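Next come the chains, spelled out residue by residue.
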Amino acid sequence: MSEQEWAEQESAERQPTEKADGGRFPLLAPGVLDDEQLALYNTIAGPPRAGGPFLVVDDDGHLAGPFNALLYAPQIGQAVQALGAALRFGGKLPARTRELVICAVAAERCSAYEWYAHSRVALTVGITPTELENLRGGFVPAELPDDELSALTFTAALLNGRAVSDVDHAAALEHHGHEGITELSILVGYYRALSGLLAAGDVGAPAARAPAAPNSQPPSHITTTTKGERP
């Protein structure tokens, strides 16, 4: 199912309407924005994010998740959203790999909005509900191909804040090259930064029909299993 098909299905089924949660950041409507903020708002609310499988703008015109918070620092917000768009829509990693990594970050950071958003995207690119449940619990899904496993192992090293071992680097290099290692590293850092912003603002997922968020878990939990192994 494509993202557009998913969006159309969700639009038809969504009852009640999802509402943005601003947390500690008061929700900003378009009518109160200055020119810089409005330019950022229009960039975020339009393509390529518009029409995806998760809420970006609610029916009251409020941006959801980190996007509302970015309006409070529009110059930084423009740079942040541009990096996010490049990673999500212009990167070279396969879509499955990208979403596995993002969901692993969301799970490790217990980020309700990022999990809400990217678990939905994950389903549109072929990640299964079982694989998502494994990631949500902090485990590497079983029977991943070697390229995806190498990306998640590399991600786990970065999430743990330790040096990436020669073995983990070599595996990622073999499957993704230097370009892929650069993209993976920035991808992990970007979604950790968004998760930090959401945590600082206590920003949650939209109020209606949000999926279960990852539970708190010990750091590095995802590294305690290897391919196909569960404790």
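What you are looking at is a predicted structure, and each value in this text was computed from that prediction instead of being measured.

## Some remarks on the overall build of the chain
Secondary structure summary: the chain contains nine helices and zero strands in total. The N-to-C order of helical and strand elements in the chain reads α-α-α-α-α-α-α-α-α. Out of the 231 residues belonging to the chain, those deemed buried represent 48%. The long-range fraction of contacts in the chain, counting pairs at least 24 apart against all pairs at least 6 apart in sequence, stands at 78%. Put simply, the chain shows about 10400 Å² of open surface, and 54% of that area lies on carbon and sulfur atoms.

## Considering helix H9 (residues 166–201)
Taking 1.5 Å of rise per residue, the 36 residues of H9 would be expected to cover 52 Å, yet its terminal C-alpha atoms sit only 37 Å apart, more than 12% below that figure. Maximum bend of H9: about 110°, positioned at His 176. Where H9 terminates, the next one or two residues include Asp 202, which has phi positive at roughly 50°.

## Remarks on the nonpolar core
Of all hydrophobic cores here, the largest spans 21 residues; its most connected members are Phe 54, Leu 63, Phe 67, Leu 71, Tyr 113 and Tyr 116. Among the secondary structure elements, those contributing two or more residues to this core are helix H2 (35–45), helix H3 (66–70) and helix H6 (112–124). Residue contributions to this core peak at four residues, all from H6. Here Leu 71 is in contact with Leu 28, Leu 33, Gln 37, Leu 40, Tyr 41 and Leu 63, once residues within four sequence places are set aside. Grouped together as the second largest cluster of nonpolar side chains are 16 residues, Ile 102, Ala 151, Leu 184 and Val 188 included.

## Topic: the confidence of the model for the chain
Residues of the chain with pLDDT of at least 70 account for 83%, and the chain-wide mean is 88. Within the model, pLDDT remains below 50 along residues 223–231, and this stretch shows 16 contacts once partners closer than five positions in the same chain are excluded.

## Describing the pattern of salt bridges
Under the criterion given, the structure shown has eight salt bridges. Linking Glu 18 and Arg 120 is a salt bridge whose minimum nitrogen-to-oxygen distance equals 2.9 Å. Taken as a pair, Glu 18 in the loop between helix H1 (3–13) and H2 and Arg 120 in helix H6 lie far apart in primary sequence, 102 residues in all. The two residues Glu 18 and Arg 120 agree in class, both being buried. Ionic contacts of the salt-bridge type, sharing partners, join the residues Arg 96, Glu 131 and Glu 148 into one network.

What counts, and at which threshold
Residues numbered from 1 in each chain as written. Predicted model: local features only at pLDDT ≥ 70, side-chain atom pairs only at ≥ 80, totals over all residues. Heavy atoms only, no water. Helix = DSSP H or I, 4+ residues; strand = E, 2+ residues; numbered from the N terminus. Buried < 20%, exposed > 50% of the residue type's maximum accessible area, 1.4 Å probe, protein only. Contact = heavy atoms within 4.5 Å. Areas by Shrake-Rupley, 256 points an atom, 1.4 Å probe, with all protein chains shown as cover. Expected span 1.5 Å × (residues − 1). Bend = angle between axes of the 7 residues up to and from the residue. Core = buried A, V, L, I, M, F, W, Y, C linked by side-chain atoms within 4.5 Å. pLDDT = per-residue confidence, 0-100. Salt bridge = Lys/Arg side-chain N within 4 Å of Asp/Glu carboxyl O.

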